Amino acid sequence: FTSTRDLTMESNNSVAHIDSLTESAQFLIETLTSDSPDPDPDKLSKVLHTVQTVALNISVRDQELVMLTIRSILFRCVWVDEGGGLERSRVNIISTLLPLLRTIDKDDNVLEQFIDSLVEKKVNSESWLSILCSLSEEIFPNHPVLFSKYFWVQIQSGLTHEDNLPRKRALYLMKRTIDTIFSSSCQAEDKSGLIFTDPTLFHREKSFAGKEVFDTYFLILETLEEKQVHLVKQVLQKLQDLVKVSSNELTSHQFFHSSWILIAYLRLFKHPNIALVRWGLESFLNTDLDKSTIASENFISFLCHPLMNVLNETKLYGKDVEGNTFSSEVYFPGEPKEKVTGEIIARTVSNFLNRCLQKVEVEDRSNIFRAFLTSSTLKSWGPLPLVWFSFALVELDPNPNVVPKCLTDVEMKNVRTLIDSHMVYQEPLLRGAAQANLLTCLLLFLDPQQCSYEELSSLLYTMWNRNVLFYAEPQNEIWKEASSFVRNDFFKTDFENVFSVTQGALTELRHQTSLNTRLTEMNVSKANLVMILFMSDEEFHPDHMKQYKDLIVGKEDINRPYASNRLNLNDEEWTRIEHFVLHSCSSILKAPSRRSGKSFLHFSAEVTSLNMERVLSILLFTEQDRIDQIKSLKTSLETCLKASDIENIFRTELYISLLSSLRMENIIVSNEDAALFELFHQAFGIFSEGSMIQRVVALKIVKMFSQLEDCNSLTSKVFNKLQTLLLNPKATSTLMSESERENDIQNREEQKLWGRLSSEFQRDQLEIMNTLLSRSQNIGEPIKTRVLEKLQDTLEVDGKECLVICLDMALTLGLPCEQFLDVGKRFIFEFRKNEIFWPALESFVRLCLENLEASPTVVRNIFLDLICEAENVSGIFPLLIEQLENFFKSNKGSSDHLVNLLPVIAKALTFGPVYRKDQKLVTDTNQVIHSLGTTNVVNYIEGSDHLMDARVRIGAINIVLAVVQLSSKQTISTFIMKLFSELQRINVEITGKRIRHFENSLIHKVRQRVYQCYVMFAPLLGSKESESVLSELCKELLNHSQQTSVRYYCEWAASIILLKNNQFFNGMWDWLNKSAAEKIGSIPSFLVIITQYLSLSKDTDQDALEQAIKEISPWCMAQHFATRIVAQICFRKIWKICEDTALDVVQKYAVLKDCIAKSVNPGNSDKISEDFYLTIFDPLAHLTFDDILFEFPRLCEISEDELIPKSLIESISKSHIPTQNPGSTLLGCTKDKMAKQANKELASNQNVQKKITPWKSMLTDSDIGTSNRFSDKSSRAHEDLVVIASLIDKAPNLGGLCRTSEILGVGSLVLHSKSVIKDKEFTSVSVTAENWVPIVECATHKLEQFLLEKKREGFTIVAVEQAKESIMLQEYKFPKKCVFLLGKEKEGVPVELLNQVDVCIEIPQSGLIRSFNVHVTGALVLWEYVKQHSK
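Bear in mind the structure is a predicted one, so any value in this text is a computation, not a measurement.

Asks: Got a minute to help me understand the overall build of the protein chain in this structure?
Replies: The helix and strand inventory of the protein chain stands at 69 helices and 7 strands. For 1431 residues, the compact-globule formula gives about 35 Å, and the C-alpha radius of gyration of the protein chain, at 44 Å, lies well above that figure. Taken along its principal axes, the extent of the C-alpha atoms in the protein chain is 125 × 120 × 65 Å. Per-residue burial for the protein chain yields a buried fraction of 55% across its 1431 residues. Nonlocal contacts in the protein chain, meaning residues at least 24 apart in sequence, comprise 77% of its contacts between residues at least 6 apart. Of the roughly 64200 Å² of accessible surface on the protein chain, a fraction of 49% belongs to carbon and sulfur atoms.

Now the structure itself:
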């Protein structure tokens, strides 16, 4: 490209100018039309500079061509899709060429046309702001766009942008525009309505108070950009004040649009500090907004997006450790139990919505609530936030004056989508609670007039299918609400209406015989569910039930002419819908079962499912009706046996389920036995000879007969026939051969289907064989061995469908099976993310326990492996301990078994993982849901895991106690010693080489659990074992490395042993002396043990008391504060005993007692004597499980999750120590905690700390092109001030000077070389200041010439140097045009340059050091200049 110098030399050569312009224009157009990334910035800058030079130097006759060229390029820059953005290169081109065009032709309206083009293209806010910032000098102060609605919409969009840069640009433009609007010369009309409403009144009264409101708002927005919490907190009260201004609470003369408030809250919601976000949310939810704000589109948008987004932050629901937000006492006054944060937020959200909705008109209420709920259903929620959000919905006020019934089919469909798409993989209890709440909300606020039968039935079916809506006796609350809505609100108690709708649905289904089974079953259930809900609300009115029964079993007259429907259907097709309806009724009227293998969870509500007899009685079915149904089902199954359609398999499953219910539940059908045996006989024959589909159907029928419970002729004949299956050498047969699998299966879907059917085929055979094995008494060992081998092969081949039955069969066989156990464990954990894992694991643990006698080591190792896996899969250990507890309580387990399993039991006694915060939040939420009991339907079906870990420890205690009760004292003592040994092994394993650890850390908790066991089981030790344990405890106390609670438990256990074995007491004096010699810090422990023994022992003699006085008294004046106070308390206790039992000792040591009493500072002693342990604690009276596991750790200030709930403690078996002590003095004792600081309201401080943000002068490279960053339009505050730093050579000093020069607005900074600005030491101090202050390069040897040039330009040369004629800084009046010459770091200004200066100034000094640092010197002088020349 042509250089600037060449162009200047050829200024009269128009051809050269035109050629350069053409070349540059071609490059720019290619850049704009290219799909490649932005061009090289330096190259683009050179081209733009070339265009500038050409345009400013070209002849007048060629200017028109230049203008057309520039205009063409400019408008090509906005050739983008509507709503699109502009690349950085386009913005640079615009920011350079548009001002250039206006410079050439002042009258050209290109700016207006260009901005109109931007508006027409609706470029995104990021590009719009970037362009307007770069053109700010062109559009301010009077351009109409500044007062347009579009401008302010873009400003608000920019202020809410995710990126920092668009927010800065928006705030820059807003501040500058507000300054313009509030200036005395501005008379513009605000078309947006966001600044003022009445232009005439505003400009007449133009109050500075309105400007102050915006200045406060700017302060808030700028401060919210800071990450330091202390900076942001100080302006939060100001935000609340602005809310009052917006709502006209403070004055009616100020106007501040509510949308600005919402933007500020949005920025607060997005702050990286969660404590500030939590405060922002609480502040917003407690804001009393006015009616106009609530009814605005901005408010609805804010509810549906920013508010919803912040409510979806899981971290928000964590406990506020500082207690500054969402206080339980504020939102739940009078509640004895503190609420978790989620409950408080839910209550706050519901109160906020109730308060807002009741202020607006009915139509607005409906629109706001519907938009809010719809937005929530379209969001991808975190499990925890969704639960608490759903709780907020059910707490909304159903009063029509607050929240009207306004929901429609749209909301029902959206809720179904949310449940089906986004709630599949959530934790079951959380998911169930949220779904129940969503259904409750819909039932409360659905408008029956805007609901269709199809959508309502679909919603109810979805909820029923997910076990949220189900019938039980007595009825649960949600079923009552649903049935009331269906009958009273939707159908208006009109039975004929609901009957007609149901009849139409079933009639249509009767004619759709080609519909697949699953879809038919779903549609039947939808119709049935609505009907049963309706009739349950009227308590199953007999007349209506009779009519409905006739609809179910009624048939058209097959003898009437033209009964084509019947003649074209076989018997199974004709009765299909009848059977489907009856099966659906049975399913709806029976409560769902709980998930198998999850009995270790804690359930707070029980539900009893109706038996078939009760179901039939509700449906008014007589005995003859039941028999007719059995006959009909037999016929249908016979039809299915002969058919080859794969749908017959699925229909067979349904028919078998219904027939089993009709046949098995306390019903005798001897008259039909022969016919049923014929069905069995047919199925048994087809099972081994028919087609694949027929074999599957036949086997399902055979399996149904194998499960008959009653003993009659049918059962006997079936059982005899089935015995032949045991003679099969292969035990089971396969459904498909390899060749059939390869040749007959056409696609992946068929492959998946037949793979599942093959596995189920194997499973059904195994279940039949398992029934035979459990009922047969004389099955030989060879057959059992062959079956066991088959089970192992089946696990390898048939996957999860056969997993549970293989384990159950192995249990039934009763053979030792070490190899099978290993294979079984491997396959179980392959399915650990599948629901089959839990029932399989339960069966596997039972199988292991049956092999405990034969393979104790193998079983123990398996259990230890399971415990290791429990670290990754919570629930494994609780399941294991539950099965172990059942095993030992049933007297199957002996003390030998328990000794073998001691590593497992010890692990259980010390179990309790440390959870992440998010895991703890889920557990706390589960506990809240569990506490709701029957009021939330999910508690009937799903259990909570909040007691899971504690149940492991309680179960282990019960296992130990179960064996203890059946063993001799010596056996018990030996066993307890082994248990303690195993506990110490765990202690060492967890602690490792770490001597110190944090309170409430895993090490602390494990050690505490270990010594809790010492306290609980020490009373069971014999004398010899007690001596050994006492020595062990004393050694532990002597180390003095325990947390307080651990030390207390050790002392407690030692006291218990001494009180039971008083012969060991004299040895405690030796331990006391040893502690004095080796570890003085451990002395309080031994003093406490000695005192507790002497206080409670019945055999205390006077000599022991006297020795205690002598041994304890010296420590009453010990140097260590804690030792001194503990000794004084112990001395008082011993002295009290002496006063009661040893008066001689009292008289002998009275003087000593007086001396100690006078030396004690009562204020100091009170500090420690308030500790429950030193005052009211009694080692014997408090030796209960309740005090050991709950009250004592509670008072030791252990984290709440370490406390075993009293409800679990009550389940401990009766033993050597009581479970509870109702009169325990620990019950009413509280923690000795420092008083928490009361929550303080945020003070309104007028003087707040603020980080300076010079918006008006700070534009980025994106806003102004590199070529004109320092152009005339981009002037500095002090253009006529030049700082010469060429003599300075240290990069940090130069960096500091550069930073100071930029901040104070210096015109230019002169350096000896520009290369220094790339030095790391320079940039670390300058923090990018070199990008914003003009840098001039002048080598040291050229300084003399540089100073002469500046003198010629009218500058005064001022040297900062100590000289004979120098002037003190404060006395010198700086001229406007100044050059500051700074000297070298040591030598100062050289003599040859000193002669060139006009004046020398110096800074007054009072100290001994000769001079300031050169950077500090420059800063002081610059500030004095700026101070003198500031307005």
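From this point on, the discussion continues.
Asks: How do you make sense of the pattern of salt bridges when you look at a structure like this?
Replies: Any two side chains of opposite charge can pair, given that their charged atoms come close. Counted according to the given criterion, the structure contains 65 salt bridges. A salt bridge links E473 to R614; its shortest N-O distance comes to 2.8 Å. You can see E473 sitting in the loop between α25 (453-465) and α26 (477-490) and its partner R614 sitting in helix α32 (residues 612-618), a full 141 residues away along the chain. Residue class for E473 comes out partly exposed when judged on its relative accessible area of 34%. A salt bridge links D764 to K700; the nearest nitrogen and oxygen atoms lie 3.6 Å apart. On the criterion of sequence distance, the pair formed by D764 in helix α39 (residues 748-775) and K700 in helix α36 (residues 692-706) is long-range, its members being 64 residues apart. Both residues of the pair, D764 and K700, belong to the buried class.

Asks: Hey, could you run me through α26 in this one?
Replies: Structurally, the α-helix is built with 3.6 residues per turn, so residues lying three or four positions apart point the same way. Given a rise of 1.5 Å per residue, 14 residues ought to cover 20 Å, and the 18 Å separating the end C-alpha atoms of α26 matches this to within 8%. Of all the positions in α26, only I478, W479, A482, S483, F485, V486, R487 and F490 are classed as buried. Buried residues along α26 sit against α24 (428-445), α25, α28 (517-537) and α31 (571-589). Looking one or two residues past α26, K492 carries a phi angle of roughly 55°, positive in sign.

Asks: I keep staring at the nonpolar core and nothing clicks. Help me out?
Replies: Nonpolar side chains tend to gather and get buried jointly when the protein is soluble and globular. By size, the foremost hydrophobic cluster in this structure holds 259 residues, and its most contacted members are W260, F284 and L469. A total of 11 residues in this core trace back to one element, the largest contributor, which is α24. If we ignore the near neighbours within four places in the chain, the residues touching W260 are W152, I155, Q156, L159, M174, L194, I195, F214 and Y217. Among the nonpolar cores identified, the runner-up in size contains 169 residues, and F975, F1017, I1089 and C1229 belong to it.

Asks: How do you make sense of the environment of L242 when you look at a structure like this?
Replies: Topologically, L242 is positioned in helix α14 (residues 236-246). If near-sequence neighbours (up to four positions away) are discounted, L242 is found in contact with V213, T216, Y217, I220, F256 and I261.

Asks: How should the packing of helix α45 (residues 876-889) against helix α50 (residues 948-964) be read in this particular structure?
Replies: A pair of packed helices is characterised by two quantities: the angle between their axes and the separation of those axes. Closest axis-to-axis distance for the α45/α50 pair is 9 Å, and the angle between their directions is 20°. Judged on the interaxial angle alone, α50 and α45 are roughly parallel. You can see that α45 and α50 cross each other, and the crossing is left-handed. Facing F877, P878, I881, L884, E885, F888 and K889 of α45, the residues of α50 in contact are M948, R951, V952, G955, A956, N958, I959, A962 and V963. Partitioning the contact of α45 with α50 into residue classes produces 11 nonpolar, 2 polar and 3 charged.

Asks: I would appreciate a short explanation of the pairing of strand β2 (residues 1306-1311) in the present structure.
Replies: Where a strand is regular, its side chains alternate between the two sheet faces. Counting buried positions over the 6 residues of β2 gives 6, a clear majority of the element. Summarising the sheet, strand β1 (residues 1278-1284) and β2 pair through 4 bridges and their orientation is parallel. Note on β2: the bridge partner recorded for V1282 is S1308. Note on the crossover from β1 through helix α65 (residues 1291-1304) to β2: the handedness is right-handed. Bridging between β2 and strand β3 (residues 1335-1337) involves 3 bridges; their strand directions are parallel. Within β3, the position partnered with L1309 by the bridge is I1335. Traced from β2 through helix α66 (residues 1320-1326) to β3, the parallel crossover comes out right-handed.

Asks: Looking at this model, I keep getting lost on the packing of aromatic side chains. Mind explaining?
Replies: Aromatic ring pairs are described here by two measures, namely the spacing of the ring centres and the angle between the planes. Counted by the stated rule, this structure contains 61 aromatic pairs. Ring centres 4.9 Å apart and planes at 80° place the aromatic pair F837 and W838 in the edge-to-face group. Side by side, F837 and W838 carry an identical accessibility label, which is buried. Ring pairs connect the aromatic residues F151, W152, F182, F214, Y217, F218, F256 and W260, which therefore count as one cluster. Here the guanidinium or amino end of K717 rests over the ring plane of F677, the centre of that ring lying 4.7 Å away. Lying across the ring of F1355, K1350 places its NZ or CZ 5.0 Å from the centre.

Asks: Help me understand empty space enclosed by the protein, please; the structure alone is not making it clear to me.
Replies: Rolled over the atoms, a probe as big as a water molecule pinpoints where empty space is left. Taken as a whole and judged by the stated rule, the model has 9 cavities of 30 Å³ or more. As a volume, the second largest cavity reaches approximately 60 Å³. L509, R510, Q512, T513, L515, T520, E573, R576 and I577 are the residues that line the second largest cavity. The set of elements that each furnish at least two residues to the lining of the second largest cavity consists of α27 (495-511) and α31. Here the residues of the lining of the second largest cavity sort into 3 nonpolar, 3 polar and 3 charged.

Asks: Could you clarify how one ought to interpret the environment of E395 in this entry?
Replies: Assignment of secondary structure puts E395 in the loop between α22 (383-394) and α23 (409-422). Along the chain, E395 and R347 lie 48 residues apart, while their C-alpha atoms are 7.2 Å from each other. Sequence-distant contacts of E395, defined by excluding residues within four places in its chain, comprise R347, S350 and N354.

Asks: Which parts of the structure should I look at to understand the pairing of strand β6 (residues 1378-1382)?
Replies: Taking burial as the measure, the 5 residues of β6 include 5 buried ones, the bulk of the element. Of the two faces of β6, both are covered, the one formed by C1378, F1380 and L1382 as well as the one formed by V1379 and L1381. Sheet analysis places strand β4 (residues 1356-1360) next to β6, joined by 5 bridges and oriented parallel. Counted as the bridge partner of I1357 is V1379 from β6.

Asks: Can you walk me through the side chain of N958 in this structure?
Replies: Relative to the elements of secondary structure, N958 occurs in helix α50. On the basis of relative accessible area, N958 is assigned to the buried category, the value being 1%. Here S1213 takes part through its backbone nitrogen, which lies 2.8 Å from a polar atom of the side chain of N958. Setting aside its immediate chain neighbours within four residues, N958 contacts E885, K889, S1211, I1212 and S1213.

Asks: How should the sheet that holds strand β7 (residues 1399-1402) be read in this particular structure?
Replies: Two modes of strand pairing occur in sheets, parallel and antiparallel, and in both the strands are linked by backbone hydrogen bonds. Reading across the sheet, the 7 strands line up as β3-β2-β1-β6-β4-β7-β5 and stay open at both edges, with parallel pairing between neighbours. Every other strand in the sheet has two partners, leaving β3 and β5 (1367-1368) as the edge strands with one partner each. Here 2 bridges tie β5 to β7, and the two strands are oriented parallel to one another. Across the sheet, M1368 pairs through a bridge with E1402, a residue of β7. Contacting β1, β2, β3, β4 and β6, helix α67 (residues 1343-1352) crosses the sheet at an angle of about 160° to β1. Across the sheet, helix α69 (residues 1414-1429) is in contact with β1, β2, β4, β6 and β7; its angle to β1 comes to roughly 160°.

Asks: So what exactly am I meant to see when it comes to helix α52 (residues 1002-1017) here?
Replies: With 16 residues, α52 ought to run about 22 Å at 1.5 Å a step, and its terminal C-alpha atoms sit 23 Å apart, in line with that. Most of α52 is tucked away, with 15 of its 16 residues classed as buried.

Asks: Would you explain unusual backbone geometry in this entry?
Replies: Residues other than glycine predominantly adopt negative phi, and peptide bonds predominantly adopt the trans conformation. In this model, F140 is joined to P141 through a cis peptide bond whose omega is 5°. The residue P141 is located in the loop between α8 (136-139) and α9 (149-159) in this model. Note the cis peptide between E473 and P474, where omega equals 0°. Along the chain, P474 turns up in the loop between α25 and α26.

Asks: Explanation requested: a nonpolar patch on the surface in the structure shown.
Replies: Residues F1412, V1416 and L1420 make up a contiguous nonpolar surface patch of about 220 Å² in total accessible area. Relative to the assigned elements, L1420 resides in helix α69. Relative accessible area serves as the criterion here: at 33%, L1420 is assigned to the partly exposed category.

Asks: Honestly, the state of the cysteines in this entry has me stumped. Any pointers?
Replies: Two cysteines joined by a covalent bond between their sulfur atoms form a disulfide. Summed over the entire model, instances satisfying the criterion amount to 0 disulfides. Free cysteine C802: the closest other cysteine sulfur is in C806, separated by 5.5 Å. In this structure C802 comes out as buried when scored by relative accessible area, which is 0%. Unpaired in this structure, C1034 has its nearest cysteine sulfur neighbour in C1050, at a distance of 9.7 Å. Given the relative accessible area of 0%, C1034 is considered buried.

About the thresholds
Residues numbered from 1 in each chain as written. Predicted model: local features only at pLDDT ≥ 70, side-chain atom pairs only at ≥ 80, totals over all residues. Heavy atoms only, no water. Helix = DSSP H or I, 4+ residues; strand = E, 2+ residues; numbered from the N terminus. Rg over C-alpha atoms; globule rule 2.2 N^0.38 Å. Buried < 20%, exposed > 50% of the residue type's maximum accessible area, 1.4 Å probe, protein only. Contact = heavy atoms within 4.5 Å. Areas by Shrake-Rupley, 256 points an atom, 1.4 Å probe, with all protein chains shown as cover. Salt bridge = Lys/Arg side-chain N within 4 Å of Asp/Glu carboxyl O. Expected span 1.5 Å × (residues − 1). Core = buried A, V, L, I, M, F, W, Y, C linked by side-chain atoms within 4.5 Å. Axes fitted to C-alpha atoms, helices over the stretch in contact; angles between N-to-C directions. Parallel < 35°, antiparallel > 145°, perpendicular 65-115°, else oblique. Left-handed = near helix turned anticlockwise from the far one by under 90°. Nonpolar A, V, L, I, M, F, W, Y, C, P; charged D, E, K, R; others polar. Pairing = 2+ DSSP bridges. Right-handed = clockwise from strand over helix to strand, strands pointing away. Phe/Tyr/Trp six-rings, centres within 6.5 Å; stacked < 30°, edge-to-face > 60°. Lys NZ or Arg CZ within 6 Å of the ring centre and 35° of its normal. 1 Å grid on protein atoms, 1.4 Å probe; cavity = no way out; pocket = protein on both sides within 12 Å on 5 of 7 lines; lining within 4 Å. Points joined across faces, edges and corners; volume = space filled by probe spheres on them. Polar contact = N/O pair within 3.5 Å; in protein donor to acceptor, adjacent residues only side chain to side chain. Patch = residues over 30% accessible without salt bridge, like charges linked within 9 Å, V, L, I, M, F, W, Y side chains within 5 Å. Disulfide = S-S within 2.5 Å.

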